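If you want the building blocks of each chain, they are given just below.
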Amino acid sequence: MNGRDPLESAEHPIPEQTLRRIPLYHQILAEMQARSEAYVSSRHLAQFFRIDDTQVRKDVSLIGYKGKPKAGYSILGLKKAIEEFLGINYENTAILIGAGRLGSALSQYPGLAEYGLRLVAIFDNDAARTGTVLGTFTILPMESLQRVVRSFDVGIAILCVPKDAAQSVAGRVVSLGIKAIWNFSPTQLTVPADVIIRHENIALGLAILSHYLKRRKKQDSSASAAGVRENPPQKLIDIFARCQPKREFLVQILEETQKALGYISRESIGHIADFLNISPERVVEAAAFYPLFRTEPPARYRIALCRGETCSRKGSEDLREVIGRELHIADGETTADGKFSLEMVPCRGLCAEAPTVSVNDRIIPVRSAEDFASHLRTLA
Ligand code: FES
């Protein structure tokens, strides 16, 4: 493997989307490794993100790793390559500022250490908090910041401070020479160009989770009002029979459930949670995390429009406009009556017939945008 740090190379920056996917590849590989799997194909990884397998191969080549023809990628080898690339095997020293609820929870999160982050101190400017103990830390006053940063050669500052204080705290840590900020404060920060900043939009993630949970609670209450307590359907029982009741099987179970039922239904979320002995929220979180998984029933007419290069050149954008005009839906959406859904899909290897569009997995011939519009009207 030829490891290199693309973040340091202005000439060959790694695309943002690739950087976002790499830790997720790592997570999937870790789960597969825990299931004693040895190899994975680019196609298999691609389906989690609804991207083309050539994109996965590009991502992996940017890491500097190569697969084996026919066998695919060694799970162990690729996982190690990603760890090297992300610097997970090197320890990064971090401080956390803001010991409120979020900061306290984050400081206790064991995943920080798993990703090579060594938290050395926690700060707060609230006198009622400083001097109190949080896990293995005593919360320090902001006056101690400079001393700690210098003594531990701190590389990363995790900010969990209120919105109004975030910019001035960021300015202070930057002035002490910290070059990376992980910002959990609900505001965008301005930092010099040589400082790496990562904003976490917790509110957005929570909004997605709360949406699913609200719907599930409704479902649960109507089910219990009706006195219904159903056993898993046979298809789920068959899936459970092939898997072990371990957390590492969650993604595999979700994959198989979607294959069997067409989507991850609210009932199946409860059954999967029971089988794995985890909370339904954890299942919802995983299902919402990967674009692969659908949590709504498939539409009666599932339109899949190719967004590959050749199809784009040959008019798939015009067809997308027709769908927007006729059905008022965009990529990933379903019409209110549940009749039509649209999914933009990667190249299907049918470029000679571009632009390719299918309805319920059957390619339909398209002579012109108008011809396609009238086809949709007929279906409607
Ligand atoms: S680009 Fe659409 S099928 Fe190849």
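Predicted model, so just to flag it, every value in this text is computed and none were measured.

## Quick word on the pattern of salt bridges
And step 1. For the structure shown, the criterion picks out 16 salt bridges.
And step 2. For R377, the salt bridge identified is with E326, shortest N-O distance 3.0 Å. Taken together, the residues span a long stretch of sequence, with R377 in helix α16 (residues 369–379) and E326 in helix α15 (residues 316–327) at a distance of 51 residues.
And step 3. The class of R377 is partly exposed, set by a relative accessible area of 43%.
And step 4. Since its relative accessible area comes to 22%, E326 is described here as partly exposed.
And step 5. It is possible to trace a salt-bridge network through shared partners that takes in R325, E326, E370 and R377.

## Observations regarding the sheet that holds strand β4 (residues 117–124)
And step 1. In spatial order, the strands read β7-β4-β3-β8-β9-β10; together these 6 strands make up an open sheet with parallel pairing. The open sheet terminates on both sides in strands that have one partner only, identified here as β7 (140–141) and β10 (196–199).
And step 2. Pairing between strand β3 (residues 92–97) and strand β8 (residues 156–159): 4 bridges, direction parallel. The residue bridging I97 from the neighbouring strand is L159, located in β8.
And step 3. Strand contacts of helix α8 (residues 163–175): β3, β8 and β9 (180–183), with the helix running at about 170° to β8, the strand carrying the most contacts.

## Some points on unusual backbone geometry
And step 1. Cis geometry marks the peptide bond from A354 to P355, where omega comes out at 0°.
And step 2. Within the secondary structure, P355 sits in the loop between β12 (340–345) and β13 (357–359).
And step 3. Non-glycine residue N277 carries a positive phi angle of around 55°.
And step 4. You can see N277 is positioned in the loop between α12 (266–276) and α13 (280–289).

## Comments concerning the packing of aromatic side chains
And step 1. The final tally for this structure, using the stated rule, is 9 aromatic pairs.
And step 2. Ring geometry for F48 against F293: centres 6.4 Å apart, planes inclined by 85°, an arrangement best described as edge-to-face. Of this pair, F48 sits in helix α2 (residues 42–49) while F293 sits in the loop between α13 and β11 (301–306), and the two are 245 residues apart along the sequence.
And step 3. What makes F48 buried here is its relative accessible area of 1%.
And step 4. For F293, a relative accessible area of 7% puts it in the buried group.
And step 5. When the ring of Y301 is compared with that of F340, the centres are 5.3 Å apart and the planes differ by 35°; the resulting orientation is tilted. Highlighted residues: Y301 in strand β11 and F340 in strand β12, separated in sequence by 39 residues. Considered together, Y301 and F340 belong to a single accessibility category, that of buried residues.

## Description of the packing of helix α10 (residues 234–242) against helix α11 (residues 250–261)
And step 1. Between α10 and α11, whose axes approach to 10 Å, the crossing angle comes to 150°. Between α10 and α11, the interaxial angle falls into the category roughly antiparallel. Along this stretch, α10 crosses α11, giving a crossing that reads as right-handed. Residue-level contacts link K235, L236, I239, F240 and R242 of α10 to I253, E256, T257, A260 and L261 of α11.
And step 2. When the residues that make up the contact of α10 with α11 are grouped by side-chain class, the tally is 6 nonpolar, 1 polar and 3 charged.

## Some thoughts on α11
And step 1. With 12 residues, α11 ought to run about 16 Å at 1.5 Å a step, and its terminal C-alpha atoms sit 16 Å apart, in line with that.
And step 2. Most of α11 is tucked away: 9 of the 12 residues are buried.
And step 3. Those residues of α11 not exposed but buried are L250, V251, Q252, I253, L254, E255, E256, T257 and Q258.
And step 4. Tucked into the core, α11 has its buried residues touching α1 (16–34), α2, α10, α12 and α13.
And step 5. Directly after α11, the chain includes G262, whose backbone phi takes a positive value near 90°.

## Description of the confidence of the model for the chain
And step 1. In the predicted model, the chain carries a mean pLDDT of 85, and the fraction of residues at 70 or more is 89%.
And step 2. Residue range residues 1–11 is modelled with pLDDT below 50. Its contacts to residues more than four positions away, or to other chains, number 14 contacts.

## Concerning the sheet that holds β12
And step 1. Here we have 4 strands laid out as an open sheet, ordered β12-β11-β13-β14, and mixed in their pairing. Strands at the two margins of the open sheet, each flanked by one partner only, are β12 and β14 (362–363).
And step 2. The sheet contact formed by β11 and β13 spans 3 bridges and is antiparallel. Along β13, the bridge assignment pairs A304 with S358.
And step 3. On the sheet, α15 packs against β11, β12 and β13 and is oriented at approximately 150° with respect to β11.

Cut-offs used in this document
- Every chain is numbered independently, its residues counted from 1 as its sequence is written.
- Restriction of local features to residues with pLDDT of at least 70 applies here, the model being predicted, together with a cutoff of 80 or more for giving and counting side-chain atom pairs; totals for whole chains, interfaces and linings are based on all residues.
- Side-chain metrics in this entry use all non-hydrogen atoms of the structure; hydrogen atoms and water are not considered.
- The rule for a salt bridge is simple: a side-chain nitrogen of Lys or Arg has to be within 4 Å of a carboxyl oxygen of Asp or Glu.
- Strands here are runs of E lasting at least two residues and helices are runs of H or I lasting at least four, both read from the DSSP assignment and numbered beginning at the N terminus.
- Only protein chains enter the area calculation, which uses a 1.4 Å probe; residues under 20% of their type maximum are buried, those over 50% are exposed, and those in between are partly exposed.
- Criterion used throughout: strands pair if DSSP finds at least two bridges between them.
- The criterion used for residue contact is that any of the two residues' heavy atoms lie within 4.5 Å.
- To obtain each axis, a line is fitted to C-alpha atoms, and for helices this fit is confined to the stretch in contact; angles are then taken between N-to-C directions over 0 to 180 degrees.
- Stacked, tilted and edge-to-face pairs are distinguished by plane angle, under 30 degrees for stacked and over 60 for edge-to-face with tilted covering the rest, among Phe, Tyr and Trp rings (Trp via its six-membered ring) whose centres lie within 6.5 Å.
- Roughly parallel refers to an angle under 35 degrees, roughly antiparallel to one over 145, roughly perpendicular to one between 65 and 115, and oblique to any angle outside these ranges.
- The handedness criterion is simple: a crossing whose near helix is rotated anticlockwise from the far helix by less than a right angle is left-handed, and one whose near helix is rotated clockwise is right-handed.
- Amino acid classes used here: Ala, Val, Leu, Ile, Met, Phe, Trp, Tyr, Cys and Pro are nonpolar; Asp, Glu, Lys and Arg are charged; the rest, including Gly, are polar.
- Given the number of residues in a helix, its expected span is that number minus one, multiplied by 1.5 Å.
- Confidence of the prediction at every residue is given by pLDDT, a number between 0 and 100.

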